[in-house]
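As a plain string of letters, each chain reads:
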Amino acid sequence: MLYYRRGRESDNLSAEDLRQGLFEALDKLGRRRKVLALPPDITRFYSRAGELTRYARQYYGEALTDILPAVGTHFAMTEPEIRRMFGDVPLGLFREHDWRGGLVTLGEVPGEFVKEVSEGKLDVPWPAQVDKLLVDGGFDLILSIGQVVPHEVVGMANYNKNVFVGTGGVEGINKSHYLGAVYGMERMMGRSNTPVRRVLNYASDHFARDMPIVYVLTVVAATESGQVTRGLFIGDGIECFNRAADLSLKVNFQMLDEPLQKVVVYLEPEEFKSTWLGNKSIYRTRMAMADGGELIVLAPGLREFGEDKQIDRLIRKYGYVGTDRVLQLVAENEDLRANLSAAAHLIHGSSEGRFRVTYCPGHLTREQIESVNFRYADLTHMMARYNPKKLKDGFNTIAGETIFYISNPALGLWSTRTRFQ
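Residues numbered from 1 in each chain as written. Predicted model: local features only at pLDDT ≥ 70, side-chain atom pairs only at ≥ 80, totals over all residues. Heavy atoms only, no water.

A.B. asks: Would you explain the pairing of strand E3 (residues 64-67) in this entry?
C.D. replies: Bridge analysis of strand E2 (residues 35-38) against E3 gives 3 bridges, and the strand direction is parallel. Bridge assignment links alanine 37 to a residue of E3, and that residue is isoleucine 67. (Pairing = 2+ DSSP bridges. Helix = DSSP H or I, 4+ residues; strand = E, 2+ residues; numbered from the N terminus.)

A.B. asks: Teacher, can you tell me more about the environment of proline 110 here?
C.D. replies: Secondary-structure assignment places proline 110 in the loop between strand E4 (103-109) and helix H4 (111-117). Along the backbone, proline 110 and proline 125 are 15 residues apart, and their C-alpha atoms lie at a distance of 4.8 Å. Excluding residues that lie within four positions of it along the chain, proline 110 makes contacts with Pro125 and Tyr202. (Contact = heavy atoms within 4.5 Å.)

A.B. asks: Can you walk me through helix H7 (residues 170-183) in this structure?
C.D. replies: In an α-helix, one full turn covers 3.6 residues, which means residues spaced three or four apart are oriented alike. When the terminal C-alpha atoms of H7 are compared, their 20 Å separation across 14 residues agrees well with the 20 Å that a helix rising 1.5 Å per residue should span. Counting buried positions along H7 gives 11 out of 14 residues, so the element sits mostly inside the fold. Among all positions in H7, only Gly172, Ile173, Asn174, Lys175, Ser176, His177, Tyr178, Leu179, Gly180, Ala181 and Tyr183 are buried. Residues of H7 that are buried make contact with H4, strand E5 (126-131), helix H8 (195-207), helix H10 (275-278), helix H13 (323-332) and helix H15 (340-348). Positive phi shows up at glycine 184, right after H7, with a value of about 120°. (Expected span 1.5 Å × (residues − 1). Buried < 20%, exposed > 50% of the residue type's maximum accessible area, 1.4 Å probe, protein only.)

A.B. asks: What is the right way to read the packing of helix H1 (residues 15-29) against helix H2 (residues 49-60) from this model?
C.D. replies: The geometry of a pair of packed helices is captured by two quantities: the angle between their axes and the separation between those axes. For the pair H1 and H2, interaxial distance at closest approach is 10 Å and the crossing angle is 50°. Considered as vectors, H1 and H2 are oriented oblique to each other. Read as a crossing pair, H1 and H2 show a hand that is right-handed. Judged by residue contacts, Ala15, Leu18, Arg19, Leu22, Phe23, Leu26, Asp27 and Leu29 of H1 engage Glu51, Leu52, Tyr55, Ala56, Gln58, Tyr59 and Tyr60 from H2. (Axes fitted to C-alpha atoms, helices over the stretch in contact; angles between N-to-C directions. Parallel < 35°, antiparallel > 145°, perpendicular 65-115°, else oblique. Left-handed = near helix turned anticlockwise from the far one by under 90°.)

A.B. asks: Help me understand the nonpolar core in this model?
C.D. replies: Most often, soluble globular proteins have nonpolar side chains that are buried together. Judged by nonpolar contacts, the single largest core of 91 residues is most densely connected at Trp126, Leu134, Phe164, Leu295, Leu336 and Tyr359. Discounting chain neighbours no more than four positions away, the residues touching phenylalanine 164 are Leu106, Trp126, Ala128, Gln129, Val130, Leu200, Ala203, Ser204 and Ala208. Counting residues in hydrophobic clusters, the runner-up holds 34 residues, among them Val35, Ala37, Ile67 and Leu93. (Core = buried A, V, L, I, M, F, W, Y, C linked by side-chain atoms within 4.5 Å.)

A.B. asks: It is not clear to me how the packing of aromatic side chains should be interpreted in this structure. Could you clarify?
C.D. replies: The geometry of an aromatic ring pair is captured by two quantities: the separation of the ring centres and the angle between the planes. Within this structure, the stated rule accounts for 13 aromatic pairs. Of the aromatic side chains, those joined through ring pairs into one cluster are Phe23, Tyr59 and Tyr60. One Lys or Arg, arginine 187, reaches over the ring of tyrosine 183 and ends 3.9 Å from the middle of that ring. The ring of phenylalanine 420 has arginine 191 sitting right over it, with the charged end atom 4.1 Å from the ring centre. (Phe/Tyr/Trp six-rings, centres within 6.5 Å; stacked < 30°, edge-to-face > 60°. Lys NZ or Arg CZ within 6 Å of the ring centre and 35° of its normal.)

A.B. asks: Before we go on, may I ask you to explain the pattern of salt bridges in this structure?
C.D. replies: A side chain of one charge can pair with a side chain of the opposite charge when the charged atoms of the two come close. Evaluated as defined, the whole model comprises 29 salt bridges. Of the charged contacts in the structure, one is a salt bridge between arginine 95 and aspartate 66, with a shortest N-O distance of 2.7 Å. Here the residue arginine 95 occupies a position in the loop between helix H3 (79-86) and E4, and aspartate 66 occupies one in strand E3, the gap between them amounting to 29 residues. Across the salt bridge formed by arginine 286 and glutamate 352, the nearest N and O atoms sit 4.0 Å from each other. Taken together, the residues span a long stretch of sequence, with arginine 286 in the loop between helix H11 (280-283) and strand E13 (289-299) and glutamate 352 in the loop between H15 and strand E14 (356-361) at a distance of 66 residues. Judged by relative accessible area, which is 37%, glutamate 352 ranks as partly exposed. If you follow the salt bridges from partner to partner, you end up with Lys262, Glu294, Arg356, Arg385 and Glu401 in one network. (Salt bridge = Lys/Arg side-chain N within 4 Å of Asp/Glu carboxyl O.)

Next comes the structure, spelled out in C-alpha cells:
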C-alpha cells in the first residue's frame, strides 16, 4: 500500500514538506506501541534520512525505542556523526549492527532461482539474513528510511536492500555483491529490475511478509545551488520503490552524447574515508569515461581502503586488477572466496584498463595508492589546480583544459547514450 507520494522533476521539498508528508503517512498507519527506525549512516547524509528519523521521533515520542543505522559493512557511526546527521535525537536510542554476528536467517532463496536471474553466472542459494533486533525486538512498526539513487550493486539503492544488506549478514552481503559483479555493473546501474533486486524481492515476498516494515524513500538531486529533494514516497510494498526509482532515473542520471576525456570528482571528507566508498567516483562514471581518459579523485578524507578490517586487508593484498584477474584470484585463494563482497568490490573499482584512475588522498601515501593499482597525485597540488570551491558541476575550462566536474558521485550516475542500453 502507498501511504504518501509526492515527486516531480521540478519539486523542491522543504523540511516542513517532509515532516508533513511523513506525519500524513503515519496517521494512516494508526497508533504504534514500539517502533524501530532503520536509517542509513553518515555516508548517505544527503538522503534527508536524518531529518526524517528526527520527525519520526517527534511523532512517536517514547514509542520509538530503537534506531539501528543500516550500515551494512561500514564502520559503526561515531557520536559526532550521529549528532551531525540526527541532531537532538537521544544517543541512547542508537544501536550498532554487526554484519558478522547477531543475525537471524529468515529463509533461503533457492540456488536455482539465483541461477535463473543471473543467466547462469552464479548458482548458489542466498540466505535472507537480518539483524536479530528486527525479529526479536517486538516491534509493531519498522521504518526503513533512505534514498533511492542509482547503485552499483543492486541497480537502484534502497527499498529492501536497506533491510537485507543494510542490516544483513556476511554471507548474504558477500553473495549479493558478487552476484551483481559477475552479472555486470554496467548492466545493473540505473535499473530497478536487476538480478540482485529480484533476489531481494524473493526474500521479501517469501520470508518477510509478516514483518511490519514501512519504507520512507526520498529522491535527492544535485543542482548548482546544492542538493534538492525531488520526491518523498512512503509505503509498505514495491510500488513505493518503483515510483521513487522512476523519478530518480529522471533526476539522478545524466546522459551524455560523447565520452568524457577528463573527469574530476570531489569526495567530501566527512562522507568518504575509504576507497570502499570513494570508488563511487569510478562506479558512477565508468560508463561515461572515454577509453584512454583520466579520472582524478580529490579525496581529502581518504585514510583506508575497506570499511571492515578484513576487507581492508584483502584490498591491500590483491588490489584493483580487473574482472578476469579477480575471478582467477577467487578461484585460487580461499580468503577471497570467503569474502566475496571484497572480490566484487575489486571488480567494481577497476577501470578494466580502459582509463586511468588518479587518486589524490589526504592520509594515504603514494606507495599505498600505487600498491592497489591506482595512480597517485599530490592532494594539495591538485586541489590548487582543480579547486572545488571554484568549479561547477559539469563542464569547466581550467587554463585552457576542459574537464567534467562532479561534486558528489553518490548522488548520480553518468553515461554515454551508447553505453546505456
